[in-house]
Amino acid sequence: MGLEGGIMRRLSMPRPELAEARQQGLHNIGETSAATGVSAKMIRHYESIGLIPKANRTFAGYRLYADADLHRLQFIKRCRGLGFSMKQIAVLLDLWNDKQRASREVKQLAQEHAKDLAQRILEMQSMQRTLESLARNCHGDQRPDCPILDDLAAR
């Protein structure tokens, strides 16, 4: 069932009380956050941008999440930990849900991301060397002249 089908199924479900929802194996946002390590704020954000389906709600309006939602959030968290962008994560989620996918698509995305990370690492190492050099040239005393500020102000 695709994301749209899951949303339609959720919207057609009756709104249970929280205790009844827990008996059904559903989790509120706090429990979901604790189980996945994803903050409640980020869970709401992922829902708002469509990375996870809209949550079903209790009669009182509390969000409810199934075990499949927790698994999806853990997948997203792992992707974020590897530095994937939200757009890349959306693609990875689509590939993860597509059991007919070709693994070469996933591999290509991972390789492109690794290449981008390598480039960013080189750029950050260059920034580090520049800052270390500037700091070595600064006396760091009571005098007002500062080669670091001079360099930052240079055009």
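A quick note: this is a predicted structure, and the numbers were derived from the prediction, not measured.

S.K.: So, the overall build of the protein chain: which residues are in play, and what are the values?
M.R.: Within the protein chain, the regular secondary structure consists of eight helices and two strands. Residues counted as buried form 25% of the 155 residues belonging to the protein chain. Pairs at least 24 apart in sequence give 54% of the contacts found in the protein chain among residues at least 6 apart. About 10900 Å² of surface is accessible on the protein chain, with carbon and sulfur atoms providing 55% of the total.

S.K.: Residue-level account of the packing of helix α3 (residues 29–36) against helix α4 (residues 40–48), with values.
M.R.: At their nearest, the axes of α3 and α4 sit 9 Å apart, and the two run at 105 degrees to each other. Between α3 and α4, the angle is such that the two are roughly perpendicular. Counting all contacts with α3, which are made through Ile-29, Thr-32 and Ser-33, the residues of α4 involved are Ala-40, Ile-43 and Arg-44. Among the residues forming the contact of α3 with α4, the class breakdown is three nonpolar, two polar and one charged.

S.K.: Which residues make up the side chain of Arg-72, and what are the values?
M.R.: Locating Arg-72 in the fold gives a position in helix α5 (residues 67–81). Buried charge Arg-72 goes without a salt bridge, the closest partner of opposite sign being Asp-94 at 5.6 Å.

S.K.: I'd like a rundown of the pattern of salt bridges, residues and numbers included.
M.R.: Taken as a whole and judged by the stated rule, the model has two salt bridges. The residue Glu-47 makes a salt bridge to Arg-63 at a minimum N-O spacing of 3.1 Å. With Glu-47 in helix α4 and Arg-63 in strand β2 (residues 63–64), this pair connects stretches of sequence that are 16 residues apart. On the accessibility criterion, Glu-47 (6% relative accessible area) is buried. Ionic pairing is found between Asp-141 and Arg-143, a salt bridge with its closest N-O pair at 2.9 Å. Taking the relative accessible area as the measure of exposure, Asp-141 reaches 38% and is therefore partly exposed. Judged by relative accessible area, which is 42%, Arg-143 ranks as partly exposed.

S.K.: Describe the side chain of Thr-36, and please don't skip the residues or the numbers.
M.R.: Tracing the backbone shows Thr-36 in helix α3. Beyond its immediate stretch of four places on either side in the chain, Thr-36 contacts Leu-70, Leu-73, Gln-74 and Lys-77.

S.K.: If you had to explain the packing of helix α6 (residues 86–97) against helix α7 (residues 103–136) to someone new, which residues and values would you point to?
M.R.: Interhelical geometry of α6 versus α7 gives an angle of 160 degrees and a closest axis separation of 10 Å. Between α6 and α7, the crossing angle belongs to the class labelled roughly antiparallel. Regarding α6 and α7, the two cross each other, and that crossing is left-handed. Judged by residue contacts, Gln-88, Val-91, Leu-92 and Leu-95 of α6 engage Glu-105, Val-106, Leu-109 and His-113 from α7. Classifying every residue of the contact of α6 with α7 gives five nonpolar, two polar and one charged.

S.K.: Describe the nonpolar core, listing the residues and the values that go with them.
M.R.: Counting residues in hydrophobic clusters, the biggest one holds 17 residues, and the most contacted among them are Ile-43, Tyr-46, Ile-52, Tyr-65, Ile-76 and Ile-89. Of all the elements in the fold, those that place two or more residues in this core are α4, α5 and α6. No other element matches the four residues that α5 contributes to this core. Ile-52 has contacts with Ile-43, Tyr-46, Glu-47, Tyr-65, Arg-72, Leu-73 and Ile-76, leaving out every residue within four places of it along the chain.

S.K.: Help me get a handle on the packing of aromatic side chains, residues and values and all.
M.R.: Evaluated as defined, the whole model comprises one aromatic pair. Between Phe-75 and Trp-96 the ring centres are 4.3 Å apart and the planes differ by 10 degrees, which places this aromatic pair in the stacked class. Linking Phe-75 in helix α5 with Trp-96 in helix α6, this pair joins segments that are 21 residues apart in sequence. What makes Trp-96 partly exposed here is its relative accessible area of 23%.

Cut-offs and rules
Within each chain, residue numbers correspond to sequence positions counted from 1 in written order. Restriction of local features to residues with pLDDT of at least 70 applies here, the model being predicted, together with a cutoff of 80 or more for giving and counting side-chain atom pairs; totals for whole chains, interfaces and linings are based on all residues. Side-chain numbers come from the whole structure's heavy atoms, not from hydrogens or water. Helix numbering and strand numbering both begin at the N terminus, where a helix is a DSSP run of H or I of at least 4 residues and a strand a DSSP run of E of at least 2. Only protein chains enter the accessibility calculation, which uses a 1.4 Å probe; a residue is then buried when its area is under 20% of its type maximum, exposed when over 50%, and partly exposed in between. By definition in these notes, contact holds between two residues if any of their heavy atoms fall within 4.5 Å. The accessible surface values rely on the Shrake-Rupley method and a 1.4 Å probe; as for residues, cover is taken only from the protein chains in view. Axis lines are fitted to C-alpha atoms, over the contacting stretch for helices. Their N-to-C directions set the angle, which ranges from 0 to 180 degrees. Orientation is classified from the angle alone, with under 35 degrees giving roughly parallel, over 145 giving roughly antiparallel, 65 to 115 giving roughly perpendicular, and any other angle giving oblique. Each residue is assigned to one class: nonpolar for Ala, Val, Leu, Ile, Met, Phe, Trp, Tyr, Cys and Pro, charged for Asp, Glu, Lys and Arg, and polar for all the others, Gly among them. Charged residues are defined here as Lys and Arg on the positive side and Asp and Glu on the negative side; His and the ends of the chain fall outside this count. What counts as a salt bridge is simple: a side-chain nitrogen of Lys or Arg found within 4 Å of a carboxyl oxygen of Asp or Glu. For any helix crossing, the convention is left-handed if the near helix is rotated counterclockwise from the far helix by under a right angle, and right-handed if that rotation is clockwise. Only buried Ala, Val, Leu, Ile, Met, Phe, Trp, Tyr and Cys residues count toward a nonpolar core, and they belong to the same one when joined by side-chain atoms within 4.5 Å. By convention, a stacked pair of Phe, Tyr or Trp rings (six-membered ring in the case of Trp) has centres within 6.5 Å and planes under 30 degrees apart, an edge-to-face pair has planes over 60 apart, and any other such pair is tilted.

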